[in-house]
Each structure stands twice: as C-alpha cells, then as structure tokens.
Amino acid sequence: MLTLSHLTRRYGNLTAVDDVSLRLPAGARHAVIGPNGAGKTTLLNLVAGTARPDSGQILLAPPARSGGGAPVEGACGAEAAPATDITRTAAARRSRLGIARSYQQPSVVAGLSVLDNVVLAAWRHHREGGAAWRRPSVGRRLRETALAGLETVGLAGFADQLAGELSHGQRRMLDLAAALAGRPRLLLLDEPAAGLTDRDIGRLVALLRDIPADVALLLVEHHIEVVTALAETVTVLAAGRVLVSGSTQDALGRPEVREIYLDAVPASAEAPPGGSAPPTGPRG
C-alpha cells in the first residue's frame with residue numbers, strides 16, 4: 001500500500017533521514033524504533049506531508065475495491081491500479097487520500113467539546129465538503145458516528161465536556177478517535193504511549209488491537225511492550241539510517257539493536273509469540 005524509496009531529509013548539515021526505504025502492505029502493523037534523534041518523527045512527517053524529502057519517492061497504492069468486478073489490491077489475476085506518487089502532495093490532500101496522523105502531544109481543540117472535536121474531524125473527510133455542514137441530516141449522522149467513536153475509546157461519558165478539561169490520557173484517546181473519524185487506510189502514530197499510566201497504556205493497546213484489519217499502522221514508540229504487543233514488523237533507525245528491518249522478534253533479538261537501544265534487556269529476552277513483551281529498554 002505504501003512504498004518509501006530512498007527517502008532523504010536534511011536540515012542544514014544534519015541528515016535526519018538518510019536513504020530510508022520501507023514498504024507497508026495494506027493492514028500492516030509496523031513499528032519504527034531507535035534512540036532519540038534517529039529520525040523517527042521526521043520519517044512520519046515525510047509520510048504525512050508536513051515535511052518534504054530532499055530526495056526519494058513516496059508511493060501510495062489506491063484503495064482496494066470490491067463488487068462490480070473492480071480489482072482488489074493484491075488479488076490474483078487482477079491488474080492492479082498504479083500507485084500514486086505523493087512525494088510532493090500536500091498534507092491535507094494526503095489526509096483525504098486516507099493517511100491519518102497522531103502527534104507526540106495530543107492535538108485537540110481545547111475550546112470545543114469532546115464530541116465536537118470528533119465531529120469536526122469526520123466533517124473534514126465528508127464527500128460533500130463544506131456543503132455537508134449546512135445539511136441537518138448530515139450533521140446528525142456525523143454526530144452519531146462521532147458518539148460511536150467516543151464509545152469505542154471510552155469517552156462517551158465526556159462527550160459534552162470541553163476537550164481542554166480532559167486528562168492527558170483522555171486527550172490521547174480523543175486524538176485517536178479524531179484520527180479514526182476519517183476512516184483512514186493508514187494511521188501514523190508518534191509515541192502514542194508517551195506520558196500514559198500503565199492502565200492507560202493497557203487501554204491504548206486494546207484500542208489499537210481492535211482497529212480494522214485493513215487499516216495499516218505505522219507506529220513510532222519507545223515502550224517496547226507496546227511494540228511487541230502491536231507490531232508484526234519492526235524497522236530500527238540509527239542516525240537516520242535503517243539499521244535493521246524485519247519481524248519484531250528477529251529485529252529485537254539482534255545484538256546491534258540491543259547495543260544501541262535495548263541494552264537494559266537481557267540477551268535471552270526476545271519477543272515471544274502471542275504478544276507478551278520483554279522488559280522495557282531505556283528511552284535512549
């Protein structure tokens with residue numbers, strides 16, 4: 001679904017992302033880890049469109065379609081539609097193409113109610129655009145959908161409360177509800193567990209596990225227990241370059257990964273099948 005080819009991004013003399021290539025199929029569960037300054041957030045910015053690469057290419061495959069004989073992405077015997085080059089596409093357009101983003105600090109409109117935050121996010125993706133806001137029937141449907149989203153993240157009881165009055169953990173859940181309101185095909189998560197309590201981390205993992213299987217996740221996270229619980233594949237960045245990329249268990253078991261990022265994890269600890277996690281390594 002998403003293909004990154006030889007992406008490079010420089011800030012003056014600093015190369016934040018250095019010749020990174022990555023491929024995410026539809027429904028992927030992929031984590032990007034590494035020490036601070038490795039280029040993880042910059043990589044998400046390049047995918048989201050809030051930063052532009054100095055070189056390289058970003059391709060986004062069209063959504064799979066079913067019914068009426070339309071081809072389905074990856075289907076045998078069907079000619080796949082060509083991918084779209086979004087390397088220079090604006091962030092707003094990428095959002096409409098199905099790329100949603102959460103940030104290290106939850107991005108909510110503090111002066112709006114919890115419900116209106118999600119309604120606003122859903123309205124931005126409505127096919128009728130601004131005209132939808134003037135139709136009461138559309139507004140009712142958007143509110144119903146938003147309430148269902150709040151129920152999913154455990155915030156239905158706070159629908160009428162101002163978003164600015166929520167705790168950090170609640171704002172994180174609201175941020176995710178807003179990101180999911182546009183029904184994305186790809187969800188970019190930048191340290192979603194940052195600042196959460198153990199209880200809130202458990203809720204976050206449960207929520208992300210329930211995201212539809214056809215929605216791909218690209219996750220940047222320092223909490224290794226979150227990575228092992230959610231990710232099927234891991235890319236490790238160091239100084240902007242790919243150090244290791246592969247299955248979660250194999251990547252976390254590599255000595256060079258432990259040396260730069262997981263040096264507090266015993267060498268015998270690996271991510272076993274079933275999602276149980278090794279002890280959390282240092283933040284780096």
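One can find the structure itself at the top, above this paragraph.
Residues numbered from 1 in each chain as written. Predicted model: local features only at pLDDT ≥ 70, side-chain atom pairs only at ≥ 80, totals over all residues. Heavy atoms only, no water.

Trainee: Tell me about the pattern of salt bridges, and name the residues and values.
Mentor: Counted by the stated rule, this structure contains 6 salt bridges. Here Arg241 makes a salt bridge to Asp18, at a shortest N to O gap of 3.3 Å. Of this pair, Arg241 sits in strand 10 (residues 241-247) while Asp18 is found in strand 2 (residues 14-24), placing the two residues 223 residues apart along the sequence. A relative accessible area of 24% places Asp18 in the partly exposed class. For the salt bridge of Asp175 with Arg172, the shortest nitrogen-to-oxygen distance reads 3.8 Å. Placement of the pair is Asp175 and Arg172 together in helix 5 (residues 168-181), with a separation of 3 residues, close to one helical turn. (Salt bridge = Lys/Arg side-chain N within 4 Å of Asp/Glu carboxyl O. Helix = DSSP H or I, 4+ residues; strand = E, 2+ residues; numbered from the N terminus. Buried < 20%, exposed > 50% of the residue type's maximum accessible area, 1.4 Å probe, protein only.)

Trainee: Would you mind going over the sheet that holds strand 4 (residues 55-60) in detail, with residue names and values included?
Mentor: Read across the sheet, 4 strands follow the order 2-1-4-5 without closing on themselves; strand pairing throughout is antiparallel. Edge strands, defined here as strands with exactly one partner in the open sheet, are strand 2 and strand 5 (84-85). Here 7 bridges tie strand 1 (residues 2-11) to strand 2, and the two strands are oriented antiparallel to one another. By the bridge assignment for strand 2, Leu2 is matched with Leu24. Across the sheet, helix 1 (residues 40-48) is in contact with strand 1, strand 2 and strand 4; its angle to strand 1 comes to roughly 120°. (Pairing = 2+ DSSP bridges. Contact = heavy atoms within 4.5 Å. Axes fitted to C-alpha atoms, helices over the stretch in contact; angles between N-to-C directions.)

Trainee: So what's going on with the packing of helix 5 against helix 6 (residues 198-209)? Residues and values would help.
Mentor: The description of two helices packed together rests on the angle between their axes and the distance between the axes. Running from amino to carboxyl end, helix 5 crosses helix 6 at an angle of 10°, the nearest separation of the two axes being 10 Å. Overall, the two elements helix 5 and helix 6 adopt an arrangement that is roughly parallel. Contact residues: Gly169, Met173 and Leu176 in helix 5; Asp200, Arg203, Leu204, Leu207 and Leu208 in helix 6. Here the contact of helix 5 with helix 6 is composed, by residue class, of 5 nonpolar, 1 polar and 2 charged. (Parallel < 35°, antiparallel > 145°, perpendicular 65-115°, else oblique. Nonpolar A, V, L, I, M, F, W, Y, C, P; charged D, E, K, R; others polar.)

Trainee: Account for the environment of Arg143, with residues named and values stated.
Mentor: For Arg143, the position within the fold is in helix 4 (residues 136-152). Separated by 28 residues in the primary sequence, Arg143 and Leu115 place their C-alpha atoms 7.4 Å from one another. When residues no more than four places from it in sequence are discounted, the contact partners of Arg143 are Leu115, Asp116 and Val119.

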